[in-house]
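Architecture at a glance
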Amino acid sequence: MSTTPTNLIDFLVNQANGVKGLADLNLPNVPPQYFQPIQARLNKSKIIPQDSEQSIPIIDFTNWDDPEVQDSIFSAATNWGFFQIVNHGIPINLLDDLKASVHRFFELPVKVKKSVKENSPPEVVRLGTSFSPHAESVLEWKDYLQLVYASVETIHSYWPAVCKDEALEYMKHAEAFIRKLLKVLLKKLNVNELDKEREQTLMGAMILSFNYYPACPEPELVAGVCPHSDISSITVLLQDGIGGLYVRDKDGNSWINVPPVNGALVINIGDVLQIMSNGRYKSIEHRVVANRNKTRISMPIFVNPTPDSVIGPLPEMLENGDEPQYKQVVFSDYFKYFFSKGHDGKKTIEFAKI
Ligand SMILES: COc1cc(/C=C/C(=O)SCCNC(=O)CCNC(=O)[C@H](O)C(C)(C)COP(=O)(O)OP(=O)(O)OC[C@H]2O[C@@H](n3cnc4c(N)ncnc43)[C@H](O)[C@@H]2OP(=O)(O)O)ccc1O
Ligand SMILES: O=C(O)CCC(=O)C(=O)O
Ligand SMILES: [Fe+2]
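Residues numbered from 1 in each chain as written. Chains lettered and ligands numbered in written order. Predicted model: local features only at pLDDT ≥ 70, side-chain atom pairs only at ≥ 80, totals over all residues. Heavy atoms only, no water.

1. Describing the packing of helix 4 (residues 92-106) against helix 7 (residues 164-187)
Running from N to C, helix 4 and helix 7 point in directions that differ by 140°, and their axes come no closer than 9 Å. As the angle between them shows, helix 4 and helix 7 are arranged oblique. As helix 4 packs across helix 7, the resulting crossing turns out to be left-handed. Facing helix 4, whose interface residues are Leu94, Leu95, Asp97, Leu98, Ser101 and Arg104, helix 7 presents Glu166, Ala167, Glu169, Tyr170 and His173. Here the contact of helix 4 with helix 7 is composed, by residue class, of five nonpolar, two polar and four charged. (Axes fitted to C-alpha atoms, helices over the stretch in contact; angles between N-to-C directions. Helix = DSSP H or I, 4+ residues; strand = E, 2+ residues; numbered from the N terminus. Parallel < 35°, antiparallel > 145°, perpendicular 65-115°, else oblique. Left-handed = near helix turned anticlockwise from the far one by under 90°. Contact = heavy atoms within 4.5 Å. Nonpolar A, V, L, I, M, F, W, Y, C, P; charged D, E, K, R; others polar.)

Rendered as structure tokens:
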């Protein structure tokens, strides 16, 4: 029978086995480095039943410039911070092709993935496991591949061949959708034009991430992703049909499932838009649970400012005399702070609080 590698971090990170390599050993138990403290585990009594009246809104984007549709987006971003969009304009076959390419990438032999890790500049491609393994006290049951949406030449040089075409085609369509959605979100904040400077601040740097959560022998002991809010302006997430994403409820103590809806994209407001809207839009905590029997994948696009963008409440938010709740921060300082610690709920935004 296989045993846990003696130097687990070396096995996971340096040898590029990731948690998939660990799961492939078919160990009966999870190594203690993955044990969440008891109070941090998601116990069933804290989950709001799926059939209750509370559920994340699902919005049809077909008539996105219809004021009623825009009102429902504003209401979801203000009250929930999370919603699902159907009829977003991205062909469903592209979503299916992308999911297949994610499985193809993670199923590559470890030596191929190791060479991707070793030969890719981290500002373009980053293969990793957990969240920030050198900074966190407990590991998360997740591997990831981050593809930075750079110039076409850079993409062709560095994105892995097994998923490059699918990822690039998806990003081209997603970019058009993201621009429309940000226009709506900004318009409802009385910002009527998304000029070049604001576009750079809201969506100047986009990262397509492939998250891979292998089946786990003891899912109740671990976290796929610990509670956190995203640091992006928005995140656009495609999930497969397995499920496992939960959002913190308004009462603060319970969690609501984000059920997989075929063809839908899950949108969440990130810290940047909470800061720019001076707290009007909410960047809500969410987490992922592991699954005993099935591998789950998800594909978030982190829609980020460029690293040198300065983030703060929009002047339009302060016109009627409201006090700013956040100071001006350089985005690269913000994300370096985010990665300097483990996921820790909503604590990152304290960095920008006045
Ligand atoms: C993983 O689960 C996640 C991820 C996220 C992601 C949110 C974001 O998109 S934040 C935007 C960050 N921007 C980029 O990643 C662009 C590409 N990267 C870069 O240009 C550079 O890496 C850099 C971000 C400018 C930082 O450069 P540098 O100062 O030279 O430092 P590094 O050696 O690259 O990194 C130091 C250390 O920080 C951690 N880290 C930095 N960036 C990331 C990243 N994108 N993902 C994961 N970790 C990152 C990492 O610990 C680095 O240590 P190493 O062990 O890799 O050496 C949101 C939510 C999630 O659950
Ligand atoms: O896998 C998911 O559904 C969500 C992942 C997530 O929250 C993240 O990558 O920031
Ligand atoms: Fe997230």
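2. Examining the coordination of the iron ion (ligand 3)
Those donors, His228 (NE2), Asp230 (OD) and His286 (NE2), are the protein atoms that reach the iron ion (ligand 3), and they lie 2.1 to 2.2 Å from it. Each donor residue of the iron ion (ligand 3) belongs to the same chain, with the gaps between them written as H-x1-D-x55-H. Note that His228 is positioned in strand 6 (residues 225-228) and His286 in strand 11 (residues 286-288), a separation of 58 residues in sequence. Each of the two residues, His228 as well as His286, counts as buried. (Donors = N, O, S within 2.8 Å, 3.2 Å for Na, K, Ca; no water. Buried < 20%, exposed > 50% of the residue type's maximum accessible area, 1.4 Å probe, protein only.)

3. Digging into the pairing of strand 12 (residues 296-304)
Of all nine residues that make up strand 12, eight are buried, and the element is covered over most of its length. Relative to strand 12, strand 5 (residues 205-213) is paired through seven bridges, and the arrangement is antiparallel. Looking at strand 12, one finds that Asn211 is bridged to Ser298. Here six bridges tie strand 7 (residues 234-239) to strand 12, and the two strands are oriented antiparallel to one another. (Pairing = 2+ DSSP bridges.)

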